[in-house]
Amino acid sequence: MSNFEIKAYPEMWQSLDIDVERFDKMRIMLGELYEKTFLSQENRPAAMVYFDNMVAELHGGRIKELLAAKEDGRPVIGTFCVYIPEEMVLAAGGICVGLCGGSQGSIPDAEKILPRNICSMVKSAFGFKDGRICPYFQAVDFVYGETTCDAKKKTWELLDQMVPTYVMEIPQCKKPRDIALWLEEVKDFKAKVEEVAGKTISADDLAGAIQIMNNKRRVLQRLNALRHHKPCPISGKDGLLVEQIAFFDEPVRFTEKVGELCDELEERIQKNVAVPAKNATRVMIAGTPMALPNWKIHNLVEGAGAVIVNEESCVGTRYFKDLIAENVSDMDDMLAALTDRYKEIDCSCFTPNDERLDQVIREFHESKAQGIINYSLQFCHTYNIEEIRIRQACEKEGIPYMFIESDYSSEDMGQLQTRIEAFLEQIGE
Ligand code: BJ8
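Residues numbered from 1 in each chain as written. Predicted model: local features only at pLDDT ≥ 70, side-chain atom pairs only at ≥ 80, totals over all residues. Heavy atoms only, no water.

J.: I'd like a rundown of the environment of G93, residues and numbers included.
T.: Positionally, G93 belongs in the loop between α5 (86-91) and β2 (95-98). Of the residues examined, G93 reaches a relative accessible area of 26% and is grouped as partly exposed. In this structure, the C-alpha to C-alpha distance between G93 and A209, residues 116 residues apart in sequence, is 9.1 Å. (Helix = DSSP H or I, 4+ residues; strand = E, 2+ residues; numbered from the N terminus. Buried < 20%, exposed > 50% of the residue type's maximum accessible area, 1.4 Å probe, protein only.)

Next comes the structure, spelled out in C-alpha coordinates:
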(Lines give C-alpha, C1' and ligand atoms only; values in the text may rest on other atoms or scores of the structure.)
Protein backbone atom coordinates (compact mmCIF):
# COMPACT_ATOMS: atom_id res chain seq x y z
CA MET A 1 0.00 0.00 0.00
CA SER A 2 1.28 3.49 -0.82
CA ASN A 3 1.14 6.43 1.55
CA PHE A 4 -1.76 8.19 -0.01
CA GLU A 5 -2.55 11.67 1.19
CA ILE A 6 -5.11 14.27 0.25
CA LYS A 7 -2.96 17.37 0.13
CA ALA A 8 -3.47 20.21 2.59
CA TYR A 9 -3.65 23.88 1.58
CA PRO A 10 -4.32 25.62 4.92
CA GLU A 11 -3.51 29.13 3.72
CA MET A 12 -5.86 28.88 0.78
CA TRP A 13 -8.55 27.35 3.00
CA GLN A 14 -8.12 30.21 5.45
CA SER A 15 -8.64 32.70 2.65
CA LEU A 16 -11.91 30.89 1.83
CA ASP A 17 -13.11 31.21 5.45
CA ILE A 18 -13.00 27.46 6.04
CA ASP A 19 -12.96 25.96 9.53
CA VAL A 20 -9.39 24.83 8.88
CA GLU A 21 -8.81 22.71 11.96
CA ARG A 22 -11.95 20.67 11.48
CA PHE A 23 -11.57 20.42 7.72
CA ASP A 24 -8.02 19.14 8.10
CA LYS A 25 -9.23 16.27 10.29
CA MET A 26 -11.80 15.38 7.63
CA ARG A 27 -9.09 15.50 4.98
CA ILE A 28 -6.99 12.96 6.88
CA MET A 29 -9.96 10.64 7.45
CA LEU A 30 -10.98 10.83 3.80
CA GLY A 31 -7.43 10.04 2.71
CA GLU A 32 -7.35 6.96 4.93
CA LEU A 33 -10.73 5.80 3.68
CA TYR A 34 -9.61 6.33 0.09
CA GLU A 35 -6.43 4.37 0.58
CA LYS A 36 -8.30 1.49 2.18
CA THR A 37 -11.09 1.48 -0.39
CA PHE A 38 -9.21 2.03 -3.63
CA LEU A 39 -5.47 1.53 -3.28
CA SER A 40 -5.83 -1.86 -1.64
CA GLN A 41 -7.34 -3.26 -4.87
CA GLU A 42 -5.06 -5.54 -6.82
CA ASN A 43 -4.19 -5.13 -10.45
CA ARG A 44 -5.91 -1.80 -10.98
CA PRO A 45 -5.64 -0.18 -14.43
CA ALA A 46 -2.54 2.06 -14.54
CA ALA A 47 -4.67 4.92 -15.92
CA MET A 48 -6.47 5.15 -12.56
CA VAL A 49 -3.40 7.06 -11.29
CA TYR A 50 -4.87 10.22 -12.82
CA PHE A 51 -8.04 9.81 -10.78
CA ASP A 52 -6.05 9.06 -7.61
CA ASN A 53 -4.23 12.35 -8.19
CA MET A 54 -7.52 14.15 -8.70
CA VAL A 55 -8.60 12.94 -5.25
CA ALA A 56 -5.22 13.93 -3.77
CA GLU A 57 -5.78 17.44 -5.17
CA LEU A 58 -9.50 17.57 -4.47
CA HIS A 59 -9.13 20.23 -1.79
CA GLY A 60 -6.22 22.03 -3.45
CA GLY A 61 -5.31 21.85 -7.13
CA ARG A 62 -8.87 21.88 -8.42
CA ILE A 63 -9.86 24.66 -6.01
CA LYS A 64 -6.94 26.74 -7.30
CA GLU A 65 -8.32 26.31 -10.81
CA LEU A 66 -11.73 27.56 -9.66
CA LEU A 67 -10.22 30.57 -7.94
CA ALA A 68 -8.13 31.40 -11.02
CA ALA A 69 -11.30 31.28 -13.11
CA LYS A 70 -12.99 33.68 -10.71
CA GLU A 71 -9.99 36.03 -10.93
CA ASP A 72 -10.57 36.11 -14.70
CA GLY A 73 -14.21 37.00 -14.11
CA ARG A 74 -15.42 33.58 -15.21
CA PRO A 75 -18.44 32.27 -13.25
CA VAL A 76 -18.10 29.25 -10.94
CA ILE A 77 -21.41 27.58 -10.24
CA GLY A 78 -22.07 24.75 -7.79
CA THR A 79 -24.77 22.13 -8.18
CA PHE A 80 -26.29 18.96 -6.74
CA CYS A 81 -28.35 17.89 -9.70
CA VAL A 82 -27.84 16.67 -13.24
CA TYR A 83 -30.63 18.94 -14.45
CA ILE A 84 -28.26 21.91 -14.47
CA PRO A 85 -27.70 22.92 -18.11
CA GLU A 86 -23.92 22.69 -17.77
CA GLU A 87 -23.43 23.72 -21.39
CA MET A 88 -24.63 27.22 -20.54
CA VAL A 89 -22.00 27.62 -17.83
CA LEU A 90 -19.24 26.36 -20.13
CA ALA A 91 -20.46 28.56 -22.99
CA ALA A 92 -19.98 31.60 -20.74
CA GLY A 93 -16.40 30.47 -20.05
CA GLY A 94 -17.38 29.33 -16.56
CA ILE A 95 -17.01 26.22 -14.47
CA CYS A 96 -19.77 23.98 -13.22
CA VAL A 97 -18.83 21.92 -10.19
CA GLY A 98 -20.56 19.33 -8.03
CA LEU A 99 -20.78 20.34 -4.38
CA CYS A 100 -19.96 18.10 -1.44
CA GLY A 101 -22.93 16.09 -0.17
CA GLY A 102 -21.82 12.48 0.25
CA SER A 103 -20.40 12.37 3.75
CA GLN A 104 -21.74 11.58 7.20
CA GLY A 105 -19.28 14.07 8.77
CA SER A 106 -21.36 17.17 8.00
CA ILE A 107 -24.77 15.74 8.94
CA PRO A 108 -24.70 16.72 12.66
CA ASP A 109 -24.24 20.38 11.56
CA ALA A 110 -27.35 20.13 9.39
CA GLU A 111 -29.42 18.34 12.02
CA LYS A 112 -29.04 21.32 14.34
CA ILE A 113 -31.23 23.22 11.87
CA LEU A 114 -32.99 20.90 9.42
CA PRO A 115 -35.41 18.09 10.32
CA ARG A 116 -33.61 14.77 10.86
CA ASN A 117 -36.01 12.87 8.65
CA ILE A 118 -34.84 14.15 5.28
CA CYS A 119 -32.31 12.43 3.02
CA SER A 120 -28.61 12.27 3.86
CA MET A 121 -27.57 14.02 0.67
CA VAL A 122 -29.51 17.18 1.46
CA LYS A 123 -28.41 17.17 5.10
CA SER A 124 -24.78 16.47 4.23
CA ALA A 125 -24.67 19.28 1.66
CA PHE A 126 -26.36 21.79 3.94
CA GLY A 127 -24.01 20.80 6.77
CA PHE A 128 -20.94 21.31 4.58
CA LYS A 129 -21.94 24.92 3.99
CA ASP A 130 -23.16 25.59 7.51
CA GLY A 131 -19.97 24.12 9.04
CA ARG A 132 -17.69 25.87 6.49
CA ILE A 133 -16.00 22.59 5.65
CA CYS A 134 -16.27 22.43 1.85
CA PRO A 135 -13.90 24.55 -0.26
CA TYR A 136 -16.18 24.15 -3.30
CA PHE A 137 -19.09 25.71 -1.45
CA GLN A 138 -16.81 28.53 -0.32
CA ALA A 139 -15.55 29.18 -3.85
CA VAL A 140 -18.74 29.32 -5.91
CA ASP A 141 -20.44 32.46 -7.23
CA PHE A 142 -23.81 30.87 -6.69
CA VAL A 143 -25.44 27.50 -6.15
CA TYR A 144 -27.83 26.06 -8.73
CA GLY A 145 -30.88 24.56 -7.07
CA GLU A 146 -33.92 22.97 -8.66
CA THR A 147 -37.46 22.02 -7.77
CA THR A 148 -37.01 18.26 -8.00
CA CYS A 149 -37.79 16.90 -4.54
CA ASP A 150 -39.39 18.63 -1.57
CA ALA A 151 -36.34 18.29 0.68
CA LYS A 152 -34.16 20.11 -1.81
CA LYS A 153 -36.54 22.85 -2.83
CA LYS A 154 -37.30 23.93 0.72
CA THR A 155 -33.64 23.66 1.75
CA TRP A 156 -32.65 26.13 -0.99
CA GLU A 157 -34.54 28.84 0.88
CA LEU A 158 -32.32 28.29 3.92
CA LEU A 159 -29.15 27.74 1.92
CA ASP A 160 -29.75 31.07 0.20
CA GLN A 161 -29.22 32.74 3.59
CA MET A 162 -25.61 31.48 3.50
CA VAL A 163 -24.72 31.45 -0.21
CA PRO A 164 -26.62 32.88 -3.20
CA THR A 165 -28.86 30.07 -4.45
CA TYR A 166 -30.57 30.28 -7.81
CA VAL A 167 -33.58 28.00 -8.23
CA MET A 168 -34.63 26.69 -11.64
CA GLU A 169 -38.13 25.30 -11.85
CA ILE A 170 -38.06 21.74 -13.13
CA PRO A 171 -41.61 20.58 -13.90
CA GLN A 172 -42.94 17.32 -12.46
CA CYS A 173 -44.58 16.07 -15.67
CA LYS A 174 -43.46 16.01 -19.29
CA LYS A 175 -46.49 17.26 -21.17
CA PRO A 176 -45.91 19.84 -23.97
CA ARG A 177 -46.79 22.73 -21.64
CA ASP A 178 -44.28 21.43 -19.08
CA ILE A 179 -41.56 21.33 -21.72
CA ALA A 180 -42.50 24.86 -22.80
CA LEU A 181 -42.04 26.01 -19.18
CA TRP A 182 -38.72 24.16 -19.03
CA LEU A 183 -37.47 25.97 -22.14
CA GLU A 184 -38.34 29.30 -20.55
CA GLU A 185 -36.46 28.28 -17.41
CA VAL A 186 -33.41 27.38 -19.54
CA LYS A 187 -33.56 30.85 -21.09
CA ASP A 188 -33.75 32.44 -17.63
CA PHE A 189 -30.76 30.40 -16.50
CA LYS A 190 -28.84 31.59 -19.56
CA ALA A 191 -29.63 35.20 -18.60
CA LYS A 192 -28.46 34.55 -15.01
CA VAL A 193 -25.17 33.03 -16.15
CA GLU A 194 -24.64 35.90 -18.60
CA GLU A 195 -25.24 38.42 -15.81
CA VAL A 196 -22.61 36.78 -13.56
CA ALA A 197 -20.16 36.32 -16.44
CA GLY A 198 -20.72 39.85 -17.73
CA LYS A 199 -20.96 38.56 -21.29
CA THR A 200 -23.54 37.41 -23.78
CA ILE A 201 -23.41 33.77 -24.80
CA SER A 202 -23.21 33.51 -28.60
CA ALA A 203 -24.52 30.64 -30.71
CA ASP A 204 -20.90 29.63 -31.39
CA ASP A 205 -20.12 29.61 -27.65
CA LEU A 206 -23.07 27.33 -26.99
CA ALA A 207 -22.32 25.05 -29.94
CA GLY A 208 -18.76 24.61 -28.64
CA ALA A 209 -19.99 23.83 -25.13
CA ILE A 210 -22.51 21.30 -26.44
CA GLN A 211 -19.68 19.58 -28.31
CA ILE A 212 -17.50 19.45 -25.16
CA MET A 213 -20.28 18.03 -23.00
CA ASN A 214 -21.39 15.53 -25.64
CA ASN A 215 -17.81 14.29 -25.93
CA LYS A 216 -17.64 13.91 -22.17
CA ARG A 217 -20.86 11.90 -22.19
CA ARG A 218 -19.64 9.79 -25.12
CA VAL A 219 -16.47 8.79 -23.31
CA LEU A 220 -18.47 7.87 -20.19
CA GLN A 221 -20.76 5.77 -22.38
CA ARG A 222 -17.66 4.06 -23.76
CA LEU A 223 -16.36 3.33 -20.26
CA ASN A 224 -19.74 1.97 -19.25
CA ALA A 225 -19.87 -0.32 -22.29
CA LEU A 226 -16.39 -1.66 -21.42
CA ARG A 227 -17.55 -2.42 -17.88
CA HIS A 228 -20.23 -4.60 -19.46
CA HIS A 229 -17.60 -6.94 -20.87
CA LYS A 230 -17.48 -10.37 -19.33
CA PRO A 231 -15.16 -10.71 -17.44
CA CYS A 232 -15.11 -7.12 -16.26
CA PRO A 233 -11.78 -5.28 -16.84
CA ILE A 234 -12.26 -2.73 -14.01
CA SER A 235 -13.81 -2.83 -10.56
CA GLY A 236 -17.16 -1.20 -9.86
CA LYS A 237 -15.48 0.94 -7.22
CA ASP A 238 -13.14 2.44 -9.82
CA GLY A 239 -16.01 2.82 -12.29
CA LEU A 240 -18.01 4.73 -9.68
CA LEU A 241 -15.01 6.86 -8.76
CA VAL A 242 -14.62 8.04 -12.36
CA GLU A 243 -18.34 8.85 -12.48
CA GLN A 244 -18.00 10.83 -9.24
CA ILE A 245 -14.95 12.76 -10.45
CA ALA A 246 -16.93 13.69 -13.58
CA PHE A 247 -18.67 16.28 -11.41
CA PHE A 248 -15.44 17.95 -10.27
CA ASP A 249 -12.95 17.83 -13.10
CA GLU A 250 -12.37 20.12 -16.07
CA PRO A 251 -14.42 18.44 -18.84
CA VAL A 252 -11.91 18.43 -21.74
CA ARG A 253 -9.08 17.06 -19.58
CA PHE A 254 -11.43 14.55 -17.97
CA THR A 255 -12.63 13.32 -21.37
CA GLU A 256 -9.04 12.77 -22.49
CA LYS A 257 -8.12 10.87 -19.31
CA VAL A 258 -11.22 8.66 -19.38
CA GLY A 259 -10.38 7.96 -23.03
CA GLU A 260 -6.90 6.78 -21.98
CA LEU A 261 -8.47 4.57 -19.32
CA CYS A 262 -10.82 3.09 -21.95
CA ASP A 263 -7.85 2.38 -24.29
CA GLU A 264 -6.21 0.46 -21.45
CA LEU A 265 -9.40 -1.44 -20.68
CA GLU A 266 -9.69 -2.45 -24.33
CA GLU A 267 -6.14 -3.87 -24.15
CA ARG A 268 -7.07 -5.71 -20.98
CA ILE A 269 -10.11 -7.21 -22.65
CA GLN A 270 -7.93 -8.43 -25.52
CA LYS A 271 -5.53 -10.02 -23.04
CA ASN A 272 -8.42 -11.38 -20.97
CA VAL A 273 -7.29 -9.47 -17.87
CA ALA A 274 -10.12 -9.15 -15.36
CA VAL A 275 -10.54 -7.16 -12.18
CA PRO A 276 -11.63 -8.68 -9.90
CA ALA A 277 -11.82 -12.49 -10.35
CA LYS A 278 -13.00 -13.66 -13.79
CA ASN A 279 -15.98 -15.53 -12.38
CA ALA A 280 -17.11 -12.75 -10.01
CA THR A 281 -20.88 -12.41 -9.66
CA ARG A 282 -22.08 -9.40 -11.66
CA VAL A 283 -24.37 -6.87 -10.00
CA MET A 284 -26.08 -3.78 -11.33
CA ILE A 285 -26.99 -0.86 -9.05
CA ALA A 286 -30.08 1.28 -9.65
CA GLY A 287 -31.41 4.21 -7.67
CA THR A 288 -30.32 7.38 -5.92
CA PRO A 289 -26.99 9.03 -6.70
CA MET A 290 -23.88 8.16 -4.70
CA ALA A 291 -22.05 11.44 -4.17
CA LEU A 292 -18.34 11.29 -3.36
CA PRO A 293 -17.28 9.77 -0.90
CA ASN A 294 -20.32 7.50 -0.66
CA TRP A 295 -18.71 4.13 -1.50
CA LYS A 296 -20.70 2.13 1.04
CA ILE A 297 -22.64 -0.28 -1.19
CA HIS A 298 -19.76 -0.79 -3.62
CA ASN A 299 -17.49 -1.60 -0.70
CA LEU A 300 -19.90 -4.18 0.65
CA VAL A 301 -20.72 -5.82 -2.68
CA GLU A 302 -17.14 -5.96 -3.94
CA GLY A 303 -15.85 -6.81 -0.49
CA ALA A 304 -17.97 -9.96 -0.81
CA GLY A 305 -16.17 -10.90 -4.05
CA ALA A 306 -18.75 -9.68 -6.61
CA VAL A 307 -18.32 -6.91 -9.18
CA ILE A 308 -20.61 -3.97 -9.93
CA VAL A 309 -20.93 -3.50 -13.67
CA ASN A 310 -23.35 -0.58 -14.03
CA GLU A 311 -24.89 2.27 -12.04
CA GLU A 312 -28.37 3.35 -13.17
CA SER A 313 -28.09 6.58 -11.24
CA CYS A 314 -27.35 10.28 -11.67
CA VAL A 315 -23.79 9.41 -10.66
CA GLY A 316 -23.94 6.89 -13.48
CA THR A 317 -25.92 6.44 -16.67
CA ARG A 318 -28.56 9.12 -16.02
CA TYR A 319 -25.74 11.66 -16.32
CA PHE A 320 -24.41 10.50 -19.66
CA LYS A 321 -26.92 8.31 -21.52
CA ASP A 322 -28.43 11.19 -23.58
CA LEU A 323 -26.67 13.58 -25.96
CA ILE A 324 -27.75 16.96 -27.33
CA ALA A 325 -28.49 17.08 -31.06
CA GLU A 326 -25.50 18.72 -32.79
CA ASN A 327 -27.11 19.35 -36.17
CA VAL A 328 -28.53 22.77 -35.22
CA SER A 329 -26.73 26.10 -35.14
CA ASP A 330 -29.37 28.74 -34.48
CA MET A 331 -29.57 29.81 -30.81
CA ASP A 332 -33.32 29.12 -30.43
CA ASP A 333 -32.98 25.68 -32.00
CA MET A 334 -30.01 24.88 -29.76
CA LEU A 335 -31.92 25.87 -26.63
CA ALA A 336 -34.81 23.65 -27.73
CA ALA A 337 -32.41 20.76 -28.44
CA LEU A 338 -30.76 21.25 -25.06
CA THR A 339 -34.12 21.21 -23.26
CA ASP A 340 -35.09 18.15 -25.24
CA ARG A 341 -32.00 16.31 -23.98
CA TYR A 342 -32.44 17.29 -20.33
CA LYS A 343 -36.08 16.20 -20.31
CA GLU A 344 -34.88 12.65 -21.11
CA ILE A 345 -33.34 12.35 -17.63
CA ASP A 346 -35.70 9.97 -15.87
CA CYS A 347 -35.49 11.14 -12.26
CA SER A 348 -38.13 9.66 -9.97
CA CYS A 349 -39.32 13.19 -9.20
CA PHE A 350 -41.35 12.93 -12.45
CA THR A 351 -44.74 11.37 -12.83
CA PRO A 352 -45.40 9.23 -14.70
CA ASN A 353 -41.85 7.91 -15.06
CA ASP A 354 -42.39 4.71 -17.02
CA GLU A 355 -39.33 5.32 -19.16
CA ARG A 356 -37.14 4.67 -16.11
CA LEU A 357 -38.62 1.19 -15.70
CA ASP A 358 -37.67 0.38 -19.31
CA GLN A 359 -34.24 1.93 -18.82
CA VAL A 360 -33.48 -0.18 -15.74
CA ILE A 361 -34.42 -3.38 -17.55
CA ARG A 362 -32.44 -2.35 -20.65
CA GLU A 363 -29.32 -1.60 -18.61
CA PHE A 364 -29.65 -4.89 -16.78
CA HIS A 365 -29.52 -6.82 -20.04
CA GLU A 366 -26.79 -4.64 -21.60
CA SER A 367 -24.56 -4.97 -18.54
CA LYS A 368 -24.95 -8.77 -18.39
CA ALA A 369 -25.63 -8.44 -14.70
CA GLN A 370 -27.00 -11.36 -12.71
CA GLY A 371 -29.10 -9.27 -10.36
CA ILE A 372 -30.11 -5.72 -9.49
CA ILE A 373 -29.58 -3.96 -6.19
CA ASN A 374 -31.93 -1.00 -6.04
CA TYR A 375 -30.51 1.55 -3.62
CA SER A 376 -32.38 4.47 -2.14
CA LEU A 377 -31.34 6.96 0.45
CA GLN A 378 -33.52 6.87 3.51
CA PHE A 379 -36.34 9.45 3.44
CA CYS A 380 -36.10 9.92 -0.34
CA HIS A 381 -39.82 9.49 -0.98
CA THR A 382 -39.81 9.45 -4.76
CA TYR A 383 -37.10 6.76 -5.14
CA ASN A 384 -38.49 4.78 -2.22
CA ILE A 385 -41.96 4.68 -3.73
CA GLU A 386 -40.76 4.14 -7.29
CA GLU A 387 -38.92 1.12 -5.86
CA ILE A 388 -42.24 -0.73 -5.86
CA ARG A 389 -42.64 -0.38 -9.62
CA ILE A 390 -39.00 -1.29 -10.27
CA ARG A 391 -39.50 -4.43 -8.17
CA GLN A 392 -42.69 -5.29 -10.08
CA ALA A 393 -40.88 -4.80 -13.42
CA CYS A 394 -38.00 -7.06 -12.27
CA GLU A 395 -40.42 -9.73 -11.03
CA LYS A 396 -42.17 -9.67 -14.40
CA GLU A 397 -38.84 -10.16 -16.19
CA GLY A 398 -37.60 -12.77 -13.72
CA ILE A 399 -34.65 -10.57 -12.70
CA PRO A 400 -33.16 -11.29 -9.24
CA TYR A 401 -33.76 -8.15 -7.21
CA MET A 402 -32.89 -6.67 -3.86
CA PHE A 403 -33.80 -3.31 -2.33
CA ILE A 404 -31.59 -1.40 0.08
CA GLU A 405 -32.67 1.72 1.90
CA SER A 406 -29.77 3.26 3.74
CA ASP A 407 -28.02 6.45 4.82
CA TYR A 408 -24.39 7.55 5.18
CA SER A 409 -23.83 6.14 8.65
CA SER A 410 -22.03 2.87 9.30
CA GLU A 411 -24.68 1.62 11.73
CA ASP A 412 -26.38 -0.75 9.27
CA MET A 413 -23.16 -2.13 7.73
CA GLY A 414 -23.34 -5.49 9.50
CA GLN A 415 -26.96 -6.07 8.60
CA LEU A 416 -26.40 -4.97 4.99
CA GLN A 417 -23.38 -7.24 4.65
CA THR A 418 -25.46 -10.24 5.69
CA ARG A 419 -28.27 -9.36 3.28
CA ILE A 420 -25.88 -8.67 0.39
CA GLU A 421 -23.98 -11.92 0.93
CA ALA A 422 -27.26 -13.86 0.94
CA PHE A 423 -28.33 -12.14 -2.30
CA LEU A 424 -24.98 -12.86 -3.99
CA GLU A 425 -25.21 -16.50 -2.97
CA GLN A 426 -28.68 -16.69 -4.48
CA ILE A 427 -27.64 -15.20 -7.85
CA GLY A 428 -24.07 -16.55 -8.16
CA GLU A 429 -23.38 -19.14 -10.84
S1 BJ8 B 1 -32.05 14.26 -11.25
S2 BJ8 B 1 -31.97 11.95 -8.58
S3 BJ8 B 1 -29.52 14.49 -8.94
S4 BJ8 B 1 -32.91 15.29 -8.03
S5 BJ8 B 1 -31.93 11.40 -2.90
S6 BJ8 B 1 -31.97 14.95 -2.78
S7 BJ8 B 1 -34.26 13.19 -4.89
S8 BJ8 B 1 -34.61 13.11 -1.37
S9 BJ8 B 1 -30.55 13.55 -5.62
FE10 BJ8 B 1 -31.27 13.82 -7.63
FE11 BJ8 B 1 -31.35 15.55 -9.60
FE12 BJ8 B 1 -33.17 13.60 -9.42
FE13 BJ8 B 1 -30.69 13.02 -10.06
FE14 BJ8 B 1 -34.13 14.49 -3.06
FE15 BJ8 B 1 -34.09 11.85 -3.14
FE16 BJ8 B 1 -32.41 13.12 -1.59
FE17 BJ8 B 1 -32.14 13.24 -4.21
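J.: Could you give an account of the pairing of strand β4 (residues 165-168), with specific residues and numbers?
T.: Note: strand β3 (residues 142-146) against β4, four bridges, orientation parallel. Following the sheet pairing, Y144 is matched in β4 by Y166. Note on the crossover from β3 through helix α9 (residues 150-159) to β4: the handedness is right-handed. (Pairing = 2+ DSSP bridges. Right-handed = clockwise from strand over helix to strand, strands pointing away.)

J.: Please give an account of the sheet that holds strand β8 (residues 401-406) that cites residues and values.
T.: With parallel pairing, four strands are arranged side by side in an open sheet as β6-β5-β7-β8. Both edges of this open sheet fall to β6 (307-312) and β8, since each of them pairs with a single strand only. Strand-to-strand twist in this sheet, taken as the mean axis angle between neighbours without regard to direction, amounts to 25 degrees. Bridging between strand β5 (residues 282-287) and strand β7 (residues 371-377) involves five bridges; their strand directions are parallel. By the bridge assignment, V283 is partnered in β7 with G371. (Axes fitted to C-alpha atoms, helices over the stretch in contact; angles between N-to-C directions.)

J.: Which residues make up the domain arrangement of the chain, and what values do they have?
T.: Domain annotation of the chain identifies domain 1 (11-172) and domain 2 (206-324 + 331-337 + 346-427). Computed from C-alpha atoms alone, the centre-to-centre distance between domain 1 and domain 2 is 21 Å. Taken residue by residue, the interface counts 48 residues in domain 1 and 56 residues in domain 2. Of the roughly 4300 Å² buried between domain 1 and domain 2, counting both surfaces, carbon and sulfur atoms make up 69%. Looking only at domain 1, the three residues that lose the most surface to domain 2 are F51, V82 and E87, adding up to 14% of its buried area. If you look at where domain 1 meets domain 2, you find three salt bridges. Taking the shortest distance from any N to any O, the salt bridge between E65 and R253 comes out at 2.8 Å. Counting the contacts that link domain 1 with domain 2 gives 18 residue pairs in polar contact (both at pLDDT 80 or more). (Domains from an automatic or database assignment. Contact = heavy atoms within 4.5 Å. Buried area = accessible area lost by both parts, 1.4 Å probe. Salt bridge = Lys/Arg side-chain N within 4 Å of Asp/Glu carboxyl O. Polar contact = N/O pair within 3.5 Å; in protein donor to acceptor, adjacent residues only side chain to side chain.)

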